[in-house]
Amino acid sequence: MKIKKGSVTLLVALPLLLLAACGNGKSASSSGGVNKSNLAAKQVVNWTEKSELPSIDPSLATDQISFDVMNNVGEGLYRLGKDNKVLPGIATKTKVSKDGKTYTFMLRKNAKWSNGDKVTAKDFVYSWQRINNPKTGSQYAYLYSGIKNADKIQAGKKPVSSLGIKADGDYKLTVSLEKAIPYFKLLMGFPSFFPQNQKTVEKYGDKYATQSKYQVYNGPFTLQGWTGTNNKWTLVKNKNYWDKKHVYLSKLVDQVVKDPQTGLNMFQGKQVDQTVLAGTQVANMKSNKAYFLGREARNSYLEYNYKKIKAFRNVNIRKAMSLAINRKQLVTNVLSDGSTVPKGFVTDGLAKNPKTGKDFAKDAYNGEGVVYDLAKAKKAWAKGLKQEGKKHVTYTLMADDTDAGKKTAEFLQSQLEKLPGLKIDVQTIPYKTRLARSAKGQFQLVITNWGADFSDPISDLGLFTSDNSFNNGRWANKEYDKLIDKANNADANNTQKRWEDMVKAEKILMSEQGNAPLYNGVVPQLINTKVKGYVYNTAGVPWNWKGVYVEK
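For clarity, every value in this text was computed on a predicted model and none was experimentally measured.

Analysis parameters
Residues numbered from 1 in each chain as written. Predicted model: local features only at pLDDT ≥ 70, side-chain atom pairs only at ≥ 80, totals over all residues. Heavy atoms only, no water. Salt bridge = Lys/Arg side-chain N within 4 Å of Asp/Glu carboxyl O. Helix = DSSP H or I, 4+ residues; strand = E, 2+ residues; numbered from the N terminus. Buried < 20%, exposed > 50% of the residue type's maximum accessible area, 1.4 Å probe, protein only. Axes fitted to C-alpha atoms, helices over the stretch in contact; angles between N-to-C directions. Parallel < 35°, antiparallel > 145°, perpendicular 65-115°, else oblique. Left-handed = near helix turned anticlockwise from the far one by under 90°. Contact = heavy atoms within 4.5 Å. Phe/Tyr/Trp six-rings, centres within 6.5 Å; stacked < 30°, edge-to-face > 60°.

Section: the pattern of salt bridges
At step 1: The full count for this structure, using the stated rule, is 21 salt bridges.
At step 2: Taking the shortest distance from any N to any O, the salt bridge between D170 and K118 comes out at 3.1 Å. Of this pair, D170 sits in the loop between β7 (165-167) and β8 (172-176) while K118 sits in the loop between β6 (102-107) and α3 (121-132), and the two are 52 residues apart along the sequence.
At step 3: A salt bridge links R298 to E296; the shortest N-O distance between them is 2.2 Å. Each of the two residues, R298 as well as E296, counts as buried.
At step 4: In the salt-bridge network here, residues are joined through shared partners; they are E52, K258 and D401.

Right, here's the structure in full:
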């Protein structure tokens, strides 16, 4: 979810599809409906989250929880259903020019906002211009690269009015691209491309989208009860939604449960219908009919702050810290949830070589960046300290205050302190706070989680270009930047050369230890077997709850 800003990016990549999995039963949003005689009298689901909800502003949100919520209280031109099938959203018809550079959308006339306003083409124009406006400060504006003038607008070289999107009346929308984008329609189902109601934005000003009452909704549900800081909110069926007949839940109550044992107790006590498992719970519950393993194109990694800590610019210091981490022990004995040891920064199974079919992670693996060798770690550490003129150093490691975050941080502390003269202070803070501080560069070391938006290596690798807005540690390598630029531009239409560019870039990232990958994540969980119709995506926005229902 973090790629190069201000340049052609993943939008010109190969049309590799998002990964998806369907939950128990068919999705109502893709099957056209369910047998209502099988519905329970009470259509309420109680869901859980591991962390707080950071944002419901399509222009500013950057995280999974925010996107999950926005994906269900909002809607773009399309929705993505089972197997990421493009389903009707606000658009009813789409016409694509022969050169693939012009899209004309006809919008449905029965779409409304939760305040009763019509959803119009102007809402898309306003939203897209708002996210591309440099004054908004959107970290996700990079996704618009490839749409006419988006890069220049983000760079402050052209006015937002020049963006390649035009409203012709209320129900016709035309989008102009700088080049054909093979999977442009998939992007139209992503929350960063959703419409926004200008009247609401201007009415609330700085308060806009900071609480559920300061936002309006055009999706299957509306959001209620979120104050911006609390740990419980509710998605309520949207009476103004155009396809409300295929929304079966009256509400989905979502609450933060950080402790896995508390979550399991609540699930077993029928207080919640879903909970995330951790540690020994996974092995104990694998045979349970409610067990669901949510595989993710997500990795957890240790990020160094190059700008703030001079010593982190020393490759020996970085390599020593990575070499000191026993990742097999981390996933097997500490997390014990099915997470795996990474081969590099790009996760296993994300994409395959278009010529050989070999997985990218295997293609790019060079035996560096993720191996454990304490003896080598100590040698590199001694060399690095000598080069820096230091004998003792203390660094603060920032992490989420979730169960996995705390366990991983404590494990890293014990591993890293095996390096002579190194002391690690652990600081665990709320997820929302960690995101904010990371974005501002307010850390020394931080455990970061990253999930790919698309099944393409560029969705991961683009994160570490020197000018990427998500490159919080500010690592920079000129050769790396050149390779990513080639993959996105000169070699964009040559599948094999583009692949080779990305493989080389991954090898540089690992050999230079731009970051230290820790593990490839999964989300083992229990979901009430009576809850049907959910769609779970491995890459991109995970949850689509539109067609969820409770069976008798």
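Focus on the packing of helix α16 (residues 478-488) against helix α17 (residues 495-511)
At step 1: Where α16 meets α17, the axes come as close as 8 Å, and the angle between the chain directions of the two elements is 155°. Of the possible angle classes, the one that applies to α16 and α17 is roughly antiparallel. Where α16 crosses over α17, the handedness of that crossing is left-handed. Contacts between α16 and α17 pair E479, Y480, L483, I484, K486 and A487 from the former with R498, D501, M502, K504, A505, I508 and L509 from the latter.

Observations concerning the packing of aromatic side chains
At step 1: Under the criterion given, the structure shown has 31 aromatic pairs.
At step 2: Between the aromatic rings of Y140 and Y142, the centroid separation amounts to 5.4 Å while the plane-to-plane angle is 35°, which identifies the pairing as tilted.
At step 3: Their ring planes at 45° and their centres at 6.3 Å tell us that F292 and W543 sit as a pair that is tilted. With F292 in strand β13 (residues 291-304) and W543 in strand β20 (residues 543-544), the pair connects residues that are 251 residues apart, well separated along the chain.
At step 4: Look at F292 and you get buried, because its relative accessible area is 13%.

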